[in-house]
Structures are given as C-alpha cells and as structure tokens.
Amino acid sequence: MPHTDPDVRTDPADAWLDRLLADDAAQHRNDYVDDAGFTAQVMSDLPAPAALPRWRKPAVTALWATAGIGAAFALPGAVLDVTREAFRLLAAQPLSLSGIAAALVAVGVVTWTGTAWALRRD
Amino acid sequence: MASPPAVTDAQLIARCQVADDRHAFAELVRRHQSAVRACLRKLTAGNHALADDLAQETFLLAWRNLRGFRQDARFSTWLYRIATNCWLAHARKRREELLGDRDADVVADDDDADGGDSTHTDHARAASLRIDMERALGSLTEAERAAIVQCYHNDLSHEEAAYVLDCPVGTVKTHIFRARQKLKHVLAAWNPAG
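What counts, and at which threshold
- Residues numbered from 1 in each chain as written.
- Chains lettered and ligands numbered in written order.
- Predicted model: local features only at pLDDT ≥ 70, side-chain atom pairs only at ≥ 80, totals over all residues.
- Helix = DSSP H or I, 4+ residues; strand = E, 2+ residues; numbered from the N terminus.
- Buried ≥ 20, exposed ≤ 12 C-beta atoms within 10 Å, placed from the backbone.
- Contact = placed C-beta atoms within 7 Å.
- Axes fitted to C-alpha atoms, helices over the stretch in contact; angles between N-to-C directions.
- Parallel < 35°, antiparallel > 145°, perpendicular 65-115°, else oblique.
- Left-handed = near helix turned anticlockwise from the far one by under 90°.
- Nonpolar A, V, L, I, M, F, W, Y, C, P; charged D, E, K, R; others polar.
- pLDDT = per-residue confidence, 0-100.
- Core = buried A, V, L, I, M, F, W, Y, C linked by C-beta atoms within 7 Å.
- Expected span 1.5 Å × (residues − 1).

Engineer: Quick one: what's the story with the overall build of chain B, residue by residue and with numbers?
Structural biologist: Looking only at helices and strands, chain B features nine helices and zero strands. Counting from the amino terminus, helix and strand elements in chain B follow one another as α-α-α-α-α-α-α-α-α. Here chain B, with 194 residues, has 38% of them falling under the buried criterion. When contacts within chain B are restricted to residue pairs at least 6 apart in sequence, long-range pairs at least 24 apart make up 63% of them.

In structure tokens:
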C-alpha cells in the first residue's frame, strides 16, 4: 500500500486519519458509476473515420507501377547515362582528407536526421 | 469473483492501433469509464457534471493518442494520467469558477444529508465522511489533491502516481506529506481522541 511506504513516515497518533482515508477509498472503489449512455456519447463524439474507398490503395499502386514502367521504356539507358556521368564527375574531383571528412559528416547528418524523423512520435 | 474478460485490454488496444477498430475502443471505454469518472469526481470534489465532461475529453484524447501508447504502463494508469492532465488544465483556466461550483455542491449535499434521520448508522457515517472528505480535498492544492486521489483512492504506487502526475517520486511523497498535515487539521472533528 502506498500510504504505508516507510519513506513517508506517519505518526502513530495519525492512525485515525489513515483509517478515514482507507474507509473513503474503499467506498470510492466500491462505487460503480453506471454507464447510462456515456460510452455511446464518447463514440458519437469521435472524429469521423477517413472515408477512403477500399480500391484507392491498389489503384494508386497500379498507377505508380504503370508510370514507372512507362518511364523505363520511354527513356532507355537514361538512368545508366546519368549514373555514369555522375560517377565520372565525382571521380574527376581531387580528393583530400578534409573533403572526405566533410562528405562523411554530411552523410551522417542526413542519415541521423532521416532516422530521427522516421522514428518520431506524434 | 468475476471471470477475466475473454479479450484482454492489450488485445483491444492492438486492434485500435492496427485497424482503427472502433468496436474495440468502445469496449475499452465501457470497461474503464467507471474508474475514470469516479477518479474525476474525486478530483473535482464531487462536481459530477464537470467530471463527466472531463471524462469525455479524456477518452477522446485517448483515442487520438492511442497509436503512441507503448503499453509501458497499465492502460488504466495511462487513462488516469490523461484525466488528471485534463482536470489540471481545466482547473488552471477556470480556478475561480471551479471553487464556486464546489462550494455550491457541498452546501447542497449538506442540506440533503441533514434532511434525513439523525441516527448515526454506517450509511449515514459513510455519507457524512464522503461530504467531509470532499470538502477536505477541496482545501488542498491541485497537486496535493491529485497525489492523494491517485495513491489512496486509485490505489496506485508512488511510482505509478509519479507517472500520472508527471513528476519525480520524491515530489509525490512531499505532496502526500503536506496533504496529510492539512487533512489532519480539516478533518480534526473525526479524530476520536478529539
């Protein structure tokens, strides 16, 4: 029982107060508050659920997939060219320790920020 | 002895978190409404209408924040925490009105109690104790009252009360110590040693 915690020293002369509090607490715990429409009232006050049709998610997925496949056929080799050019530009840069360190710090900051954002609590 | 429910609170909470299951939430409200409303009635010193309004607000907030509930405390303790915060926010905003309402309610209850028979039965003693205790709780600061209600009436440990009140355990003990000193004075008439 919390009120008999040895850290909270109670004077033996205050036993009457302990009894009084215990009686009132027992009475409090025995009192059942009848629902009397309370639950129904709470449920009617809840915000309305988002009214999205069931087909919305698969339809959006299918549209994105179609767009992706279309882009892959419309731009043959484009992704490969862009990657190759980016790598060539990067490789042409003179490398220094401070440059590598700065790049690592930048990647670290972006990664941790992204992780923190993804794990944030609402 | 009542048999344990077929579906546990944890299962109902999971259904709410995963599938926004409103039927599961309704069952949780049905199970806990009595305890939450009774707790708020104590905190508001017997103002039933205000207690029920705050209980409504408590369950709406619980629904909105249920996804963030990690079950690191009992669901009932989490609800007490929300309820206590709702009451504290309301009390801060409308302190003057709250005191006025409480005094009026206590006076009305006094009239009812005095109107009956004068024999000192257990029932009469219980009713009398309830009225005096409500008045006594009203003499405490909000933090002291909340600590007494959580530790004595809701039977929470000091650690659980600290979670509900969002303060260190030592602060809860201090609030209880101070509250007891005040209650001793206000309820002196109940001391058989006189």
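Back to the write-up after that little detour.
Engineer: Provide a residue-level description of the overall build of chain A, including the pertinent values.
Structural biologist: Helix and strand counts for chain A stand at five helices and zero strands. Scanning chain A from its N terminus toward the C terminus, one meets helices and strands in the order α-α-α-α-α. Evaluated residue by residue, chain A yields a buried proportion of 7% over its 122 residues.

Engineer: Could you give an account of the packing of helix α4 (residues 75-93) of chain B against helix α8 (residues 158-165) of chain B, naming the residues involved and the relevant values?
Structural biologist: All names here are of chain B. The interhelical angle for the contact between α4 and α8, taken along N-to-C directions, is 45°, at an axis separation of 8 Å. In terms of axis orientation, α4 runs oblique to α8. The chirality of how α4 crosses α8 is right-handed. Residues Thr77, Tyr80, Arg81 and Thr84 of α4 form the contact with α8, whose own contacting residues are Glu160, Tyr163, Val164 and Leu165.

Engineer: Can you explain the environment of glutamine 71 of chain B? Please cite residues and give values.
Structural biologist: Residues and elements named next belong to chain B. Mapped onto the elements of the fold, glutamine 71 is located in the loop between α3 (48-65) and α4. For glutamine 71, a count of 12 C-beta atoms within 10 Å puts it in the exposed group. Along the sequence, glutamine 71 and alanine 10 sit 61 residues apart, while their C-alpha atoms lie 7.9 Å from each other. Contact partners of glutamine 71, with chain neighbours within four places excluded, come to Ala10 and Ile13.

Engineer: Pulling in residues and values, what's your account of the interface of chain A and chain B?
Structural biologist: Chain A puts 29 residues into the contact, and the matching count from chain B is 37 residues. Elements represented by at least two residues in the side of chain A that touches chain B include exactly α1 (15-30) and α2 (38-45) of chain A. A total of nine residues in the side of chain A that touches chain B trace back to one element, the largest contributor, which is α1 of chain A. Classifying every residue of the side of chain A that touches chain B by side-chain character gives 14 nonpolar, five polar and ten charged.

Engineer: I'd like a rundown of unusual backbone geometry, residues and numbers included.
Structural biologist: Residue and element names in this part refer to chain B. The phi torsion at aspartate 20 lies on the positive side, around 50°, for a residue other than glycine. Mapping aspartate 20 onto the fold places it in the loop between α1 (9-19) and α2 (22-43). Overall, the presence of 15 C-beta atoms within 10 Å leaves aspartate 20 in the partly exposed class. A positive phi angle, close to 60°, is found at glutamine 71, a residue other than glycine.

Engineer: Give me the lowdown on the confidence of the model for chain B, citing residues and values where you can.
Structural biologist: Residue and element names in this part refer to chain B. When the pLDDT values of chain B are averaged, the result is 85; 83% of them are 70 or greater. The secondary-structure element of chain B with the lowest mean pLDDT is helix α5 (residues 95-115), recorded at 49, while α3 shows the highest, at 95. Scored below 50 in pLDDT, residues 106-116 shows ten contacts in the model against residues more than four places distant or in partner chains. Across the interface, the model reports ipTM at 0.75; the global pTM reads 0.65.

Engineer: Let's hear about the packing of α2 of chain B against α3 of chain B: which residues, and what values?
Structural biologist: Residues and elements named next belong to chain B. The geometry of α2 relative to α3 is characterised by a closest axis approach of 9 Å and an angle of 140° between their N-to-C directions. With respect to their mutual orientation, α2 and α3 come out oblique. Crossing hand, α2 versus α3: right-handed. Between α2 and α3, the residues in contact are Phe25, Val29, Gln33, Val36, Arg37, Leu40 and Arg41 and His48, Ala51, Asp52, Leu54, Ala55, Thr58, Phe59 and Trp63, respectively. Of the residues in the contact of α2 with α3, the class split is nine nonpolar, three polar and three charged.

Engineer: Help me get a handle on the confidence of the model for chain A, residues and values and all.
Structural biologist: Put simply, chain A has an average pLDDT of 82, and 87% of its residues get 70 or more. Looking over chain A, one finds the lowest element-wise mean pLDDT in helix α4 (residues 78-92) of chain A, namely 83, and the highest in α2 of chain A, namely 94.

Engineer: Break down the nonpolar core for me, with residues and values.
Structural biologist: Of all hydrophobic cores here, the largest spans 53 residues; its most connected members are Cys39, Leu40, Leu54, Ala83, Ala147 and Ile148 of chain B. Of all the elements, α2 of chain B adds the most residues to this core, at nine residues.

Engineer: Lay out helix α5 (residues 97-118) of chain A with the relevant residues and their values.
Structural biologist: With 22 residues, α5 of chain A should cover 32 Å at 1.5 Å per step; its first-to-last C-alpha distance of 31 Å lies within 8% of that length. The buried fraction of α5 of chain A amounts to zero of the 22 residues, a small share that puts the element mostly on the outside.

Engineer: Just give me the short version of the environment of aspartate 132 of chain B, but keep the residues and values in it.
Structural biologist: Looking at the secondary structure, you find aspartate 132 of chain B in helix α6 (residues 122-138). The spatial distance from the C-alpha of aspartate 132 of chain B to the C-alpha of leucine 187 of chain B is 7.3 Å, given a sequence separation of 55 residues.

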